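Each chain, written out:
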Amino acid sequence: MAGGIVSPTSLLDLITDIVEIPLNAGIFKKDCADLTRRVCLLTHLLEEIRDSTPIDSAASSSSENDWWSDLVAGLQAAKRLLSTARFQARDSSDGAAKRISFQFQCVTWKLEKALSNLPYDLYDISDEVGEQVELARSQLRRAMQRYGSLNSNKFSSALSEPMERDGFSSIKIKVEEKLESVSETLHFAEEEEKQDSPPLRRSSSISLAYYLSKDADTDRLDKMVNKNTDESKKSDKLTIPVDFLCPVSLELMKDPVIVATGQTYERAYIQRWIDCGNLTCPKTQQKLENFTLTPNYVLRSLISRWCTEHNIEQPAGYINGRSKNSGDMSVIRALVQRLSSRSTEDRRNAVSEIRSLSKRSTDNRILIAEAGAIPVLVNLLTSEDVATQENAITCVLNLSIYENNKELIMFAGAVTSIVQVLRAGTMEARENAAATLFSLSLADENKIIIGGSGAIPALVDLLENGTPRGKKDAATALFNLCIYHGNKGRAVRAGIVTALVKMLSDSTRHRMVDEALTILSVLANNQDAKSAIVKANTLPALIGILQTDQTRNRENAAAILLSLCKRDTEKLVSIGRLGAVVPLMDLSKNGTERGKRKAISLLELLRKACQ
């Protein structure tokens, strides 16, 4: 393109190159996977920019050019970083690992900065793509919050430094000093599933906490996905004793465990290190003779005492360095062995006890998984004994709340059995199966697997015919699965639109109008879904909702109408005749920010249609 500006087509090719880079198998595996996933979210944005006004003619000011330059620099740096990080699987020195970690911070900052300055008014960007951009930006922003705040000039300096495959050219910053202010170097234990819009995305973690199994430890789950950063900021101001920091994450340890070499690590990080196929101690590089993780109760007690002395909230669930609700490992192992008993009654009693333990604390969920319970519980999902099956699916649900267990559950091939329970189990088992699928789908890669498993038709059936709680569980799971574009067509073919439209008009289902509108707003940009929504004669119902006083419902109704009527003069005229103008004018003045945008866009289209 003119002026040396990199074209959108070139950046699309760059993203293709990034996706084709083999994933790292070591301590940076999750960092690489997360960065690749966020970069992929920008594909549709670049395609629409490519098909709209050329970048060199549209961007008339230096500020408008800056966002594009930042995006180009960020994507180029991401490619260099991912190409380099994949060679740091196991034998990296501490200095090299810290440099790589710092580069992840730099790339994250650069990409978030570019997206925050994106001039939407210069391009014909669809609402669906705009929401994908906001999703990517919110994920990058949360990643930055976990990494910590560093000086932007130093970020830019580090970002521009070339990275060599073996030598790792030294970044002209004392990386080690800067990392002391970073609260998290490696973030294995969290996914980024909370999203900014539409509204159900903002409240997905709340929906999970509210609608999951009644046995689930929902308070703990809510804390997991809604981190309170005040305490971490407070601890940053203190000098934490080095022995209290995990050598892998450089964070204050919550659950210190001892490995075979005698070194102590935070349980979540060393477990993921081992799960990634590493056979050595990260600190000493000695081969681990076994993979037993022994709780370091003495150190945990010292950390607890230090937190009390400095008025810092202790790691959740611990009092005087011990878990309030943790079970004894020998007892848990004995229960897991009984799960394979020949006696139906013995299996039933054992799974009932594990269900009780799994709802009490994260400690128990970790111990139960470590005892090898997950594959056995997955086998019990197909049990002919009703009580055993109900308790088994509830156990899997509770275990899935702990982030690391999600991967173990997927590796055990649980999805097929969960779907079988969803189709043919008791109502309680079906409800908990739906909640389990939602919990597992919080990891983006699982949305694809679950969507292709036949789960969506079974969820739609529960949405139509379940109890109020079952319908809520099904709606939450379907919403999360339909965020992935490939699942929207599956949901439409399964009859989801018919079920959702009934909820809009059925007076006995008014409690589900909010959920129905939110899912429809996600589906409305899919062509098959559009046709099905129009065929179901939904326009009058949507106009009626615009005239209510439910702010969030009006916002979603406007979003759906905008998707349906864009580039369709006949439908625009139709909604004008149905009385859309007055409520849209009110929404454009008194609605939420998203609602105002949708209403203003619709009113402009209506004005043009009239002319």
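Here the structure is a predicted model, which means the values were calculated and not measured. (Residues numbered from 1 in each chain as written. Predicted model: local features only at pLDDT ≥ 70, side-chain atom pairs only at ≥ 80, totals over all residues. Heavy atoms only, no water.)

*Asks:* Would you mind showing me how to read the overall build of the chain here?
*Replies:* Counting secondary structure elements, the chain contains 35 helices and five strands. Counting across all 611 residues of the chain, residues that qualify as buried make up 55%. Looking at the chain as shown, the accessible area adds up to about 26100 Å², and 48% of this sits on carbon and sulfur atoms. (Helix = DSSP H or I, 4+ residues; strand = E, 2+ residues; numbered from the N terminus. Buried < 20%, exposed > 50% of the residue type's maximum accessible area, 1.4 Å probe, protein only. Areas by Shrake-Rupley, 256 points an atom, 1.4 Å probe, with all protein chains shown as cover.)

*Asks:* How should the packing of aromatic side chains be read in this particular structure?
*Replies:* Aromatic ring pairs are defined here through the distance separating the ring centres and the angle between the ring planes. A complete count under the given rule lists two aromatic pairs for this structure. Summarising the aromatic geometry, the rings of Trp67 and Trp68 are spaced 5.4 Å apart at their centres and angled 75 degrees between planes, so their arrangement reads as edge-to-face. For the pair Phe244 and Trp306, a centre-to-centre distance of 6.1 Å together with 75 degrees between the ring planes defines the contact as edge-to-face. Here Phe244 is found in the loop between helix H13 (230-236) and strand E1 (256-258), whereas its partner Trp306 is found in helix H15 (residues 297-309), with 62 residues between them in sequence. (Phe/Tyr/Trp six-rings, centres within 6.5 Å; stacked < 30°, edge-to-face > 60°.)

*Asks:* Just to check I follow, could you spell out the nonpolar core for this structure?
*Replies:* Soluble globular proteins: nonpolar side chains tend toward being buried together. Within the largest apolar cluster, 96 residues are counted, with the highest numbers of intra-cluster contacts made by Ile418, Leu459, Leu463, Ile496, Leu500 and Ile575. If we skip the residues at most four places from it in the chain, Leu459 touches Leu422, Ala434, Leu437, Ala474, Ala477, Leu478 and Leu481. Ile15, Ile100, Leu118 and Met253 belong to the second largest nonpolar core, which has 62 residues in total. (Core = buried A, V, L, I, M, F, W, Y, C linked by side-chain atoms within 4.5 Å. Contact = heavy atoms within 4.5 Å.)

*Asks:* Mind showing me how you'd approach the pattern of salt bridges here?
*Replies:* Here the structure, examined in full by the defined rule, presents 27 salt bridges. With its nearest N and O atoms 2.6 Å apart, the salt bridge here joins Arg267 to Asp255. Here Arg267, found in helix H14 (residues 267-275), pairs with Asp255, found in the loop between H13 and E1; they are twelve residues apart in sequence, far enough to count as distant. Measuring nitrogen to oxygen at the nearest pair gives 3.1 Å for the salt bridge that ties Glu431 to Arg469. (Salt bridge = Lys/Arg side-chain N within 4 Å of Asp/Glu carboxyl O.)

*Asks:* How should I be thinking about the environment of Ala458 in this particular structure?
*Replies:* Considering the arrangement of structural elements, one finds Ala458 in helix H25 (residues 455-465). On a C-alpha basis, the gap between Ala458 and Leu422 in space is 6.4 Å, while along the polypeptide they are 36 residues apart. The residues touching Ala458, leaving out its near neighbours within four places in the chain, are Leu422, Arg423 and Arg430.

*Asks:* Sorry if this is basic, but what is going on with the sheet that holds E1 here?
*Replies:* Adjacent strands of a sheet pair through backbone hydrogen bonds, lying either parallel or antiparallel. Taken in spatial order, the three strands of this open sheet run E2-E1-E3, and their pairing is antiparallel. Whereas interior strands pair on both sides, the edge strands pair on one side only; in this sheet they are strand E2 (264-266) and strand E3 (294-295). Both E1 and E3 contribute to a ladder of two bridges, which runs antiparallel. Directly across from Ile258, in E3, lies its bridge partner Thr294. (Pairing = 2+ DSSP bridges.)

*Asks:* When you look at helix H28 (residues 496-505) in this model, what are you seeing that I'm missing?
*Replies:* Residues that lie three or four places apart on an α-helix share one face, since the helix turns once every 3.6 residues. For H28, the buried fraction is high: seven of the ten residues fall into the buried class. Packing partners of the buried residues in H28 comprise H25, helix H26 (468-482), helix H27 (485-493), helix H29 (513-523), helix H30 (527-535) and helix H31 (539-546).

*Asks:* Is there a simple way to explain the side chain of Asn480 in this structure?
*Replies:* You can see Asn480 is positioned in helix H26. Here Asn480 is in contact with Phe438, Ser441, Leu442 and Lys447, once residues within four sequence places are set aside.

*Asks:* What's the story with the side chain of Ser563 in this structure? I'm lost.
*Replies:* By the element assignment, Ser563 lies in helix H32 (residues 551-565). Taking relative accessible area as the criterion, Ser563 reaches 5% and is therefore assigned buried. Beyond its immediate sequence surroundings of up to four residues, Ser563 is in contact with Ala524, Asn525 and Lys530.

*Asks:* Would you mind going over the packing of H32 against helix H33 (residues 569-577) with me for this structure?
*Replies:* Working note: a packed helix pair is described by the angle between its axes plus the distance between those axes. Taken N-terminus to C-terminus, the directions of H32 and H33 make an angle of 140 degrees; their axes are 8 Å apart at the nearest point. With respect to H33, the element H32 is oriented oblique. Within the contact between the two elements, H32 uses Leu561, Leu564 and Cys565 and H33 uses Lys571, Leu572 and Ile575. Among the residues making up the contact of H32 with H33, the classes are represented as five nonpolar, no polar and one charged. (Axes fitted to C-alpha atoms, helices over the stretch in contact; angles between N-to-C directions. Parallel < 35°, antiparallel > 145°, perpendicular 65-115°, else oblique. Nonpolar A, V, L, I, M, F, W, Y, C, P; charged D, E, K, R; others polar.)

*Asks:* Looking at this structure, how should I read the confidence of the model for the chain?
*Replies:* Fine structural detail should not be taken from predicted coordinates in areas where pLDDT scores are low. This prediction gives the chain a mean pLDDT of 76; 75% of its residues lie at or above 70. Note on residues 54-61: pLDDT under 50 across the span, and 17 contacts to partners over four residues away in sequence or across chains. When the criterion is pLDDT under 50, residues 316-326 qualifies, and its contacts beyond four places in sequence or with other chains add up to 30 contacts. (pLDDT = per-residue confidence, 0-100.)

*Asks:* Help me understand a nonpolar patch on the surface, please; the structure alone is not making it clear to me.
*Replies:* A cluster of nonpolar side chains, namely Ile448, Ile449 and Tyr484, defines an oily patch on the protein surface of about 260 Å² accessible area. Tracing the backbone through its elements, the reader meets Ile449 in helix H24 (residues 444-451). The class for Ile449 is partly exposed, based on a relative accessible area of 46%. (Patch = residues over 30% accessible without salt bridge, like charges linked within 9 Å, V, L, I, M, F, W, Y side chains within 5 Å.)

*Asks:* So what exactly am I meant to see when it comes to the packing of helix H16 (residues 329-338) against helix H17 (residues 344-358) here?
*Replies:* Interhelical geometry of H16 versus H17 gives an angle of 140 degrees and a closest axis separation of 8 Å. In terms of axis orientation, H16 runs oblique to H17. Relative to H17, H16 is oriented so that their crossing is left-handed. Here Ile332, Leu335, Val336 and Arg338 of H16 come into contact with H17, specifically with Asp346, Arg347, Asn349, Ala350, Glu353, Ile354 and Leu357. Partitioning the contact of H16 with H17 into residue classes produces six nonpolar, one polar and four charged. (Left-handed = near helix turned anticlockwise from the far one by under 90°.)

*Asks:* Help me understand unusual backbone geometry in this model?
*Replies:* Backbone geometry places Gln285, a non-glycine residue, at a positive phi of 65 degrees. One can find Gln285 in the loop between H14 and E3.

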